[in-house]
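The lines below spell out each chain.
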Amino acid sequence: MKQLLETGEIVATHGIHGEVKLLPWADSPEFILEFDRISLNGTWYEIQRSRVQKTCVLLKLRGVDSIEDGARLVHHIASIDRDDIELEEGVHFIADLIGLTVLADGEKIGVIKDVLSMPGNDVYVVRGKYEYMIPVVREFVEEPDFEAGTVTVHLIEGMRTDEN
């Protein structure tokens, strides 16, 4: 598992005092507020202040004190250290799920290629011989086995995307 996880992109500056706007790739922008630091292209920055603005997070980073300083960070990818957060039980980083082998009835049906965040629950996009869209709910998906690199699912009609 990767120690550093990409969590968003700096998309703009905000104001004249070096604040930057981060477009997070998390379930909600509030997730980013839990961190005291982020890495931008391998350089760690202490987060002095952070607040949500619509779907983005405004960050004031130590040492980034002018609009010019902030502009140099635009388009940089922000990463977090997985040790800086403790996830609730049953919650996983998408980066850890991508690439897991998916088993149904003991047979490999493909690998997780994407995880879609939908209003009710996430959906695994699984590709192999066929493509499947599998809702991440207890009835269909067992807890991933990260040591084995697998997740077991229970398929029902309609999950295979090329079925009529």
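See the structure above.
Residues numbered from 1 in each chain as written. Predicted model: local features only at pLDDT ≥ 70, side-chain atom pairs only at ≥ 80, totals over all residues. Heavy atoms only, no water.

Novice: How would you explain the overall build of the protein chain if you had to name every residue and give the values?
Specialist: Within the protein chain, the secondary structure is distributed over two helices and 11 strands. Ordered by position from the N terminus, the helices and strands of the protein chain form the series β-β-β-β-β-α-β-α-β-β-β-β-β. Taking all 164 residues of the protein chain together, 37% fall into the buried category. As displayed, the protein chain has an accessible area near 9,900 Å², and 47% of this comes from carbon and sulfur atoms. Positive and negative side-chain charges of the protein chain, numbering 16 and 31 respectively, have mean locations separated by a distance of 7 Å. (Helix = DSSP H or I, 4+ residues; strand = E, 2+ residues; numbered from the N terminus. Buried < 20%, exposed > 50% of the residue type's maximum accessible area, 1.4 Å probe, protein only. Areas by Shrake-Rupley, 256 points an atom, 1.4 Å probe, with all protein chains shown as cover. Lys, Arg positive; Asp, Glu negative; His and termini not counted. Charge placed at Lys NZ, Arg CZ, Asp CG, Glu CD.)

Novice: Could you give an account of the environment of methionine 133, naming the residues involved and the relevant values?
Specialist: Looking at the secondary structure, you find methionine 133 in strand 10 (residues 131-135). Residue methionine 133 is classed as partly exposed on the basis of its relative accessible area, which comes to 31%. C-alpha separation for the pair methionine 133 and isoleucine 32, spaced 101 residues apart in sequence, amounts to 28 Å. Dropping the residues within four chain positions of it, methionine 133 is found in contact with Leu116, Val123, Tyr124, Val125, Met159 and Thr161. (Contact = heavy atoms within 4.5 Å.)

Novice: Give a description of the pattern of salt bridges that names residues and reports values.
Specialist: The full count for this structure, using the stated rule, is nine salt bridges. Of the charged contacts, one joins aspartate 81 and arginine 37 as a salt bridge, the two residues approaching to 3.5 Å between their closest N and O atoms. Taken together, the residues aspartate 81 in strand 6 (residues 77-81) and arginine 37 in strand 3 (residues 37-40) connect sequence positions 44 residues apart. (Salt bridge = Lys/Arg side-chain N within 4 Å of Asp/Glu carboxyl O.)

Novice: Give a detailed account of the sheet that holds strand 5 (residues 56-61), specifying residues and quantitative values.
Specialist: Note: strands within a sheet are paired through backbone hydrogen bonds, in either parallel or antiparallel orientation. Spatially, six strands are ordered 1-2-5-4-3-6 in a closed barrel, and the strand pairing comes out antiparallel. Looking at each pair of strands side by side, their axes are set apart by 45 degrees on average, direction ignored. (Pairing = 2+ DSSP bridges. Axes fitted to C-alpha atoms, helices over the stretch in contact; angles between N-to-C directions.)

Novice: Explain the nonpolar core to me, and be specific about the residues and the numbers.
Specialist: Ile38, Leu40, Leu59, Leu61 and Leu73 are the most contacted members of the largest nonpolar core, which has 21 residues in total. Secondary structure elements with two or more residues in this core: strand 1 (4-14), strand 2 (19-24), strand 3, strand 4 (43-53), strand 5 and strand 6. Tallying contributions element by element places strand 5 first for this core, with three residues. Non-local contacts of leucine 73, meaning those with residues more than four positions away in its chain, are made with Ile10, Val20, Leu40, Tyr45, Leu61 and Val64. Counting residues in hydrophobic clusters, the runner-up holds 16 residues, among them Leu100, Ile112, Val115 and Val151. (Core = buried A, V, L, I, M, F, W, Y, C linked by side-chain atoms within 4.5 Å.)

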